[in-house]
Amino acid sequence: MEILILIGGFTVVCLLGMPVAYALGIASIAAALYTDIPLEAVMLKVAGGMSGFSLLAIPFFILAGAIMALGGMATRLVNLAKVFVGAIRGGLALVNIVASTMFGCLSGSSVADTAAVGSVMIPQMIKAGYPRLFAVNVTISGSLQPLLVPPSHNMVIYSIAAGGTVSIGAMFMAGIIPTLLLGASLVILVLYVAKRDNFPKGEAIPLRQAFKIAVDAIWGLTTVAIILGGITSGVFTPTESGAIACVWAFFVTMFVYKDITWAELPMLLGRVTRTVGMVMIMIGFSISFGYMMAILRIPAIATEFFVNISHNKYMFLLYINILLLALGTFMDLAPMLLICTPIFLPILPAFGIDPVHFGIIMILNLGIGLLTPPVGPTMVVGCAIGRVSMEAVAKSILIFYIPMIIVLMLVTYIPELSLWLPRTLMN
């Protein structure tokens with residue numbers, strides 16, 4: 001009955017339209033009252049969950065990404081991508097994917113990537129003669145990449161949900177090869193579709209102009225070097241690299257690019273504050289939810305359940321993939337990480353699965369859910385920019401799921417794709 005109150009209460013409150021963060025808190029309090037656990041214990045977990053030093057990395061990375069996004073970095077990265085792939089048949093679609101890869105190293109957010117890169121690329125692709133639905137599909141599919149590279153705040157959330165036992169730096173490194181695989185697979189698909197449908201070629205950019213574009217973009221790309229270089233070298237912690245990235249992003253945007261006026265800064269800071277507030281509230285209540293799950297032995301029950309189903313690691317990973325793909329279509333990525341990580345993490349030793357590897361599997365799985373109805377927040381943003389319906393996109397995007405699922409299977413069953421870089425660079 002206690003488990004039914006906790007899990008069932010959370011589900012019912014979510015179905016009633018309550019925000020996920022508050023649904024977690026209400027379910028935790030209801031279960032605590034039923035089991036006679038003092039509410040003070042639950043509230044202490046909420047407060048403790050929001051007071052960790054490592055949590056500072058989240059607002060820093062969100063702020064740095066927001067400054068660069070609003071500061072015209074997306075346009076400069078699009079121009080840089082055109083230098084490399086713009087002249088190929090279907091070049092604008094390739095530019096879209098490459099720009100998403102580079103911008104992902106600044107934003108760390110699928111929705112932000114779609115909004116920034118999509119607002120530049122979708123109108124350009126439509127004007128150049130690409131089908132409107134194809135332009136939207138390329139944009140939202142490419143936006144899956146920022147979830148897997150630094151400074152993905154979802155990796156920070158996973159580390160926190162894992163109780164700090166998983167290194168944020170290791171997660172950052174682990175996502176790089178899967179990101180490159182995903183980008184390459186989307187490029188192959190786009191090249192095939194471009195040849196089949198005879199998409200237009202772009203124009204080659206003159207060398208002098210290409211050099212100017214590269215110099216213009218290098219200021220923003222230095223943010224990536226600060227984050228990755230600082231963490232891998234051990235000079236900065238993830239939190240410190242986030243703080244320094246904020247200072248650098250502010251300097252570049254305000255004094256080099258000058259695309260943001262001082263009058264726009266309060267609005268930007270207000271938007272970031274609202275986002276950070278929502279994330280922190282969700283983390284706090286999810287910690288209390290995880291506390292109640294631990295008291296009710298839900299992780300132990302889940303471990304026993306999966307071990308009884310199969311002792312085979314590969315079958316277990318297949319079950320998890322199917323479950324997460326289904327759950328990801330109904331809930332956003334961050335709350336699913338906070339809910340599922342405390343359940344699955346204790347199971348991993350029984351199957352010999354590295355928690356860093358499992359974190360990449362979870363984020364990639366749930367990231368695909370961001371592009372999938374009925375919720376699909378990334379799809380919603382892409383549809384709004386491209387002025388198309390979700391129903392039309394849901395039908396036309398099916399071919400783009402093929403490379404995503406192939407990469408998911410590769411990442412799932414070849415652990416070294418995720419673990420080689422962190423083991424090499426961080427040992």
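Residues numbered from 1 in each chain as written. Predicted model: local features only at pLDDT ≥ 70, side-chain atom pairs only at ≥ 80, totals over all residues. Heavy atoms only, no water.

**Side note on the overall build of the protein**
Where we set the bar: In this description a helix means any DSSP run of H or I spanning at least four residues, a strand means any run of E spanning at least two, and both kinds are numbered starting from the N terminus. Using a 1.4 Å probe on the protein chains alone, a residue whose accessible area is under 20% of its type maximum counts as buried, one over 50% counts as exposed, and one in between counts as partly exposed. Working rule for contacts: check all heavy atoms of both residues, and any pair within 4.5 Å makes them a contact. Computed with a 1.4 Å probe, the accessible areas rest on the Shrake-Rupley method; for each residue, only the protein chains presented here act as cover. Charge assignment in this entry is limited to Lys and Arg as positive and Asp and Glu as negative, and neither His nor the chain termini are counted. A single reference atom marks each charge: NZ on Lys, CZ on Arg, CG on Asp, CD on Glu.
When you go through the protein residue by residue, the secondary structure sums to 23 helices and 0 strands. Taken over the C-alpha atoms alone, the protein extends approximately 70 × 45 × 45 Å along its principal axes. Out of the 427 residues in the protein, the part that is buried amounts to 52%. The contacts in the protein between residues at least 6 apart in sequence include a share of 78% that link residues at least 24 apart. Of the roughly 17,800 Å² of accessible surface on the protein, a fraction of 71% belongs to carbon and sulfur atoms. Between the centroid of the 19 positive side chains of the protein and the centroid of its 15 negative side chains there is a distance of 15 Å.

**What about the side chain of S143?**
Our working definition: We define a polar contact as two N or O atoms separated by no more than 3.5 Å, with the added condition that, inside protein, one atom must be a possible hydrogen donor and the other a possible acceptor, whereas residues neighbouring each other in sequence contribute only through side-chain atom pairs.
One can find S143 in the loop between α8 (132–142) and α9 (153–161). Of the polar contacts made by the side chain of S143, one reaches the side chain of T114; its length is 3.1 Å. Side-chain polar atoms of S143 contact the backbone oxygen of I140, separated by 2.6 Å. Look past the residues within four positions of S143 in its chain and what remains in contact with it is S100, S110, D113, T114, L371 and T378.

**What to know about the packing of helix α2 (residues 20–34) against helix α14 (residues 265–295)**
What counts is decided by this rule: Here, axes are lines fitted to C-alpha atoms. For helices the fit covers the stretch in contact, and angles between N-to-C directions go from 0 to 180 degrees. Working rule for angles: under 35 degrees goes down as roughly parallel, over 145 as roughly antiparallel, 65 to 115 as roughly perpendicular, anything else as oblique. Each crossing gets its hand from how the near helix is turned against the far one by less than a right angle, where anticlockwise is left-handed and clockwise is right-handed. Nonpolar residues are Ala, Val, Leu, Ile, Met, Phe, Trp, Tyr, Cys and Pro. Charged residues are Asp, Glu, Lys and Arg, and all others, Gly as well, are polar.
The geometry of α2 relative to α14 is characterised by a closest axis approach of 8 Å and an angle of 30° between their N-to-C directions. One finds that α2 runs roughly parallel with respect to α14. Here α2 runs over α14; the crossing is left-handed. Between α2 and α14, the contacting residues are A21, Y22, L24, G25, A27, S28, A31 and A32 on the first element and I281, M282, F285, S286, S288, F289 and M292 on the second. Residue composition of the contact of α2 with α14, by class: 11 nonpolar, 4 polar and no charged.

**Considering the packing of helix α1 (residues 2–15) against α2**
Helix packing geometry: the angle between the two helix axes and the distance between the axes. The contact between α1 and α2 brings their axes to 8 Å, and the two run at 155°. On the basis of their axis angle, the class for α1 and α2 is roughly antiparallel. Crossing angle aside, the handedness with which α1 passes α2 is right-handed. Contacts from E2, I5, L6, G9, F10, V13 and C14 of α1 reach α2 at V20, A23, L24, I26, A27, S28, A30, A31 and Y34. Here the residues of the contact of α1 with α2 sort into 13 nonpolar, 2 polar and 1 charged.

**Comments concerning the confidence of the model for the protein**
For clarity, the threshold we go by: pLDDT is defined as a per-residue confidence score from the predictor, taking values between 0 and 100.
The predicted model of the protein has a mean per-residue pLDDT of 85, with 99% of residues at 70 or higher. Element-level mean pLDDT values for the protein span from 76 in helix α15 (residues 298–309) up to 95 in helix α22 (residues 398–413).

**Re the nonpolar core**
Put simply, the test is: Take the buried residues of types Ala, Val, Leu, Ile, Met, Phe, Trp, Tyr and Cys, join any two whose side-chain atoms come within 4.5 Å, and each joined set is a nonpolar core.
Of all hydrophobic cores here, the largest spans 148 residues; its most connected members are L6, I58, F134, F316 and F344. Here this core takes 12 residues from α14, the largest share from any one element.

**So, unusual backbone geometry**
One non-glycine residue, D36, lies in the positive phi region at around 60°. For R387, which is not glycine, the phi dihedral falls at a positive 55°. As for its position among the elements, R387 is in the loop between α20 (377–386) and α21 (390–396).

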